[in-house]
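# Understanding the architecture of this molecule
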Amino acid sequence: AEDEVTLFERDMKEFWIQFKISYGTEQNNQTSALRDLCKETIEALSEKWSKKLKEEDLMIDKIQEYNNEILHQSKYVAEKEEQLTEIKSKLNEEEEQQKNLTDSIQKLKEEVMKKMEIKSSKNKAAKEKVEQVSKIKTLFKENLGLEMRRIQDEQLQFIFRHINHKDPDKPYTCTLFINEQGDYEVTSCTPPLDCIAELQLKLRETNNFSAFVANIRKAFTALSYK
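About the criteria used
- Residues numbered from 1 in each chain as written.
- Predicted model: local features only at pLDDT ≥ 70, side-chain atom pairs only at ≥ 80, totals over all residues.
- Heavy atoms only, no water.
- Core = buried A, V, L, I, M, F, W, Y, C linked by side-chain atoms within 4.5 Å.
- Buried < 20%, exposed > 50% of the residue type's maximum accessible area, 1.4 Å probe, protein only.
- Helix = DSSP H or I, 4+ residues; strand = E, 2+ residues; numbered from the N terminus.
- Contact = heavy atoms within 4.5 Å.
- Pairing = 2+ DSSP bridges.
- Axes fitted to C-alpha atoms, helices over the stretch in contact; angles between N-to-C directions.
- Polar contact = N/O pair within 3.5 Å; in protein donor to acceptor, adjacent residues only side chain to side chain.
- Patch = residues over 30% accessible without salt bridge, like charges linked within 9 Å, V, L, I, M, F, W, Y side chains within 5 Å.
- Areas by Shrake-Rupley, 256 points an atom, 1.4 Å probe, with all protein chains shown as cover.
- Salt bridge = Lys/Arg side-chain N within 4 Å of Asp/Glu carboxyl O.
- Parallel < 35°, antiparallel > 145°, perpendicular 65-115°, else oblique.
- Left-handed = near helix turned anticlockwise from the far one by under 90°.

## Things to note about the nonpolar core
Counting 22 residues, the largest nonpolar core has Phe-158, Phe-160, Leu-176, Phe-209, Phe-212, Ile-216 and Phe-220 as its most contacted members. Elements represented by at least two residues in this core include exactly β1 (146–151), β2 (155–160), β3 (172–178), β4 (184–190), α2 (196–206) and α3 (209–224). At six residues, α3 tops the list of elements feeding residues into this core. Beyond its immediate sequence surroundings of up to four residues, Phe-220 is in contact with Phe-160, Ile-163, Tyr-172, Thr-173, Cys-189, Thr-190, Pro-191 and Leu-193.

Put into structure tokens, the structure is as follows:
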């Protein structure tokens, strides 16, 4: 009986040993497979997230690049707008200068036309006065012994004779011209007459040249008796 018990115990011991060996080997295989699966899963996830992170980094770099480009374009646009503003300001200044120049030219034209009209009027008046003098030239020469000569600087000289009863051929002269204002102006009188300024003023007021010449002759005649 003791041998059977011993044999049974030995068999049971071997059974447990074999069971443990068998169970342990299977468990170890399962653990190893699970470990390998976890490792593969972790590696796959790591690779996936690493790739995703790289893609996100590239995306961030692209976004930053776009932002820099937008900033650059904004700065470029701002510079161009500033240049455009300066150009518009210069154009406005040039337009104002052109307008002022046009106004100045127009004003100058009007002034020139006005001066030309005044000059034309003066020339017409001077021509009329010369014609008036010419018309009475013959009359005075024939009746009053008066001779008229045109001398230098467009001056007109009157030579009176038959003034001095002692010397009828003795000349008495009076020289005058038409000044820039279109008025008669006496430049010389030989012999001098005290009343010449008064006679000149009256001539300018009345424009009666015949009366002026007659008064000059009277004054010379009165002077010859002194």
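## Notes on unusual backbone geometry
Residue Pro-191 follows Thr-190 across a cis peptide bond; omega there is -5 degrees. Structurally, the position occupied by Pro-191 is in the loop between β4 and α2. With phi around 55 degrees, Glu-154 is a residue other than glycine that occupies positive phi space. Along the chain, Glu-154 falls in the loop between β1 and β2. Despite not being glycine, His-162 shows a phi value in the positive range, around 60 degrees.

## Re the sheet that holds β3
With antiparallel pairing, four strands are arranged side by side in an open sheet as β1-β2-β3-β4. Looking at which strands have only one partner, the edges of the open sheet turn out to be β1 and β4. Pairs of neighbouring strands in the sheet enclose a mean axial angle of 20 degrees, with direction left out of account. Relative to β2, β1 runs antiparallel, the two sharing six bridges. From the neighbouring strand, Glu-147 faces β2, where its bridge partner is Ile-159. Here α2 sits on the sheet and contacts β3 and β4; the angle it forms with β4, its principal contact strand, is near 155 degrees.

## Observations concerning the side chain of Gln-200
Among the secondary structure elements, Gln-200 is positioned in helix α2. Side-chain polar atoms of Gln-200 contact the backbone nitrogen of Val-186, separated by 2.6 Å. Excluding residues within four positions of it along the chain, Gln-200 makes contact with Tyr-184, Glu-185, Val-186 and Phe-212.

## Details of a nonpolar patch on the surface
On the surface, Met-12, Phe-15, Trp-16 and Phe-19 cluster together to form a nonpolar patch covering roughly 400 Å² of accessible area. Looking at the secondary structure, you find Trp-16 in helix α1 (residues 2–144). We classify Trp-16 as partly exposed; its relative accessible area is 42%.

## So, the pattern of salt bridges
Under the defined criterion, the tally for this structure stands at three salt bridges. When the shortest N-O distance is used, the salt bridge between Glu-147 and Arg-149 registers 3.1 Å. Taking the relative accessible area as the measure of exposure, Glu-147 reaches 24% and is therefore partly exposed. Its relative accessible area of 39% is what places Arg-149 among the partly exposed residues. Measuring nitrogen to oxygen at the nearest pair gives 3.3 Å for the salt bridge that ties Arg-150 to Glu-154. Each member of the pair Arg-150 and Glu-154 is classed as exposed.

## As for the packing of α2 against α3
As a packed pair, α2 and α3 sit with axes 9 Å apart at the nearest point and diverge in direction by 165 degrees. One way to sum up the angle between α2 and α3 is to call them roughly antiparallel. Here the hand of the crossing between α2 and α3 comes out right-handed. Only Phe-209, Phe-212, Asn-215 and Ile-216 of α3 make contact with α2, whose side of the interface consists of Ile-196, Leu-199, Gln-200 and Leu-203.

Everything listed here is a matter of coordinates, which is why it stays silent on function.
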